[in-house]
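Geometric and topological summary
Spelled out, the chains give:
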Amino acid sequence: MFTRVDLLEKNVYKNNLLQILLALLVVYIFIVSSIQIIAPNEVIKPEDFPNSCPDESKNCTMIGPIPHRGNNISEIRFESNISNVMVEVDKWIKINSGEILQEWPNHTHAVFKTKFWKFPDDFLVNLHCEDEEVVMYVYSKSRLGISDLGVNDDRVVSFTNFMLETEISTSKCTYAE
């Protein structure tokens, strides 16, 4: 049988626990909000597509003329048109819970956020025609910090595998169809 003192102590314990949980929730919301304020969405246009990742970067992956991580691939090619390839790019972004900030016929800027802290990572795909094929460059970089713990590299490798395994209708490269 519980005494009045036991019940009172139990209520004090519950109140203290509730206050601690509430304080943790407030701190979490404050940190996540601060991350979003410090690293706001700024659209990267096709003409501003990066040429390379910063030297020795541990939070950037690029498939492009100066590859960085990403299995050291310099480009991905498709025998198709740009609009067909872009449909598959958008599909992969949506499947993987990315948010498309802006799209152009040959360029997409998406953002992926880490699950718990919501750190934003920019994910860019840029396409152009060369020798009647679509040439794809990919850039993924954390906005904050010096290391991404391999997340951007894993994302680019996953995206590359998806794109290379996807059947895309064959045609000569054109910008719109």
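I will try to describe carefully the structure that is included in this document. Nothing here was measured: the structure is a model prediction, and the numbers come from that model.

Here we look at the overall build of the protein
Of the regular secondary structure elements, the protein holds three helices and six strands. Tracing the protein from N to C terminus, the helices and strands come up as α-β-β-α-β-β-β-β-α. In terms of overall dimensions, the protein has C-alpha extents of about 85 × 35 × 25 Å along its principal axes. Residue burial in the protein is summarised as follows: out of 177 residues, 37% are buried.

Topic: a nonpolar patch on the surface
On the surface, V27, F30, I31, F116, W117 and F119 cluster together into a nonpolar patch covering about 570 Å² of accessible area. Here W117 shows up in the loop between β4 (107–113) and β5 (120–130).

Quick notes on the packing of helix α2 (residues 82–95) against helix α3 (residues 151–165)
Axis angle and axis distance: for two packed helices, these are the angle between their axes and the distance between the axes, and together they describe the pair. Where α2 contacts α3, the axes come no closer than 11 Å and their chain directions differ by 135 degrees. For the element pair α2 / α3, the angle class is oblique. Relative to α3, the crossing made by α2 is right-handed. Across the interface between the two elements, V85, E88, V89, K91 and W92 from α2 touch R155, S158, F159, F162 and M163 from α3.

Looking at the pairing of strand β1 (residues 60–63)
The two faces of β1 match: C60 and M62 on one face and T61 and I63 on the other face are all buried. As defined by bridge partners, β1 adjoins strand β6 (residues 133–142) across four bridges and the pair is classed as antiparallel. Among the inter-strand pairings, C60 is bridged to a residue of β6, identified as K141.

Focus: the environment of S140
Here S140 is to be found in strand β6. Put simply, S140 and C53 are 87 residues apart on the chain and 9.0 Å apart in space, counted from C-alpha to C-alpha. Residues within four places of S140 in sequence aside, it is in contact with N59, C60, T61, D122, F123, N152, R155 and V156. Polar contacts involving the side chain of S140 include one to the main-chain carbonyl oxygen of D122, which spans 3.5 Å.

Things to note about the layout of surface pockets
Empty pockets left among the atoms are what a rolling probe the size of a water molecule brings to light. For the largest pocket, the calculated volume is near 240 Å³. W92, N96, S97, F112, K113, T114, K115, V151 and R155 are the residues that line the largest pocket. Going through the elements one at a time, β4 and α3 are the ones with two or more residues in the lining of the largest pocket. Considered class by class, the residues forming the lining of the largest pocket number three nonpolar, three polar and three charged. Space inside the second largest pocket adds up to approximately 170 Å³. The wall of the second largest pocket is formed by T114, F119, D121, S142, L144, G145, S147, D148, L149 and V151. Tallied by class, residues from the lining of the second largest pocket come to four nonpolar, four polar and two charged.

What about the packing of aromatic side chains?
On inspection of all chains with the given rule, the structure shows nine aromatic pairs. Judged by centre distance (5.0 Å) and plane angle (50 degrees), the rings of Y28 and F116 are tilted. With a gap of 88 residues between them, Y28 in helix α1 (residues 4–38) and F116 in the loop between β4 and β5 connect regions that are remote in the sequence. Each ring, one from W92 and one from F159, has its centre 5.1 Å from the other, and the planes form 70 degrees; the classification is edge-to-face. With W92 in helix α2 and F159 in helix α3, this residue pair connects regions lying 67 residues apart in the sequence. Judged on exposure class, the residue W92 and its partner F159 are both buried. By the ring-pair criterion, three or more aromatic residues cluster together here, those being W92, F112, F123 and F159.

Each value, and the rule that gives it
- Residues numbered from 1 in each chain as written.
- Predicted model: local features only at pLDDT ≥ 70, side-chain atom pairs only at ≥ 80, totals over all residues.
- Heavy atoms only, no water.
- Helix = DSSP H or I, 4+ residues; strand = E, 2+ residues; numbered from the N terminus.
- Buried < 20%, exposed > 50% of the residue type's maximum accessible area, 1.4 Å probe, protein only.
- Patch = residues over 30% accessible without salt bridge, like charges linked within 9 Å, V, L, I, M, F, W, Y side chains within 5 Å.
- Areas by Shrake-Rupley, 256 points an atom, 1.4 Å probe, with all protein chains shown as cover.
- Salt bridge = Lys/Arg side-chain N within 4 Å of Asp/Glu carboxyl O.
- Axes fitted to C-alpha atoms, helices over the stretch in contact; angles between N-to-C directions.
- Parallel < 35°, antiparallel > 145°, perpendicular 65-115°, else oblique.
- Left-handed = near helix turned anticlockwise from the far one by under 90°.
- Contact = heavy atoms within 4.5 Å.
- Pairing = 2+ DSSP bridges.
- Polar contact = N/O pair within 3.5 Å; in protein donor to acceptor, adjacent residues only side chain to side chain.
- 1 Å grid on protein atoms, 1.4 Å probe; cavity = no way out; pocket = protein on both sides within 12 Å on 5 of 7 lines; lining within 4 Å.
- Points joined across faces, edges and corners; volume = space filled by probe spheres on them.
- Nonpolar A, V, L, I, M, F, W, Y, C, P; charged D, E, K, R; others polar.
- Phe/Tyr/Trp six-rings, centres within 6.5 Å; stacked < 30°, edge-to-face > 60°.

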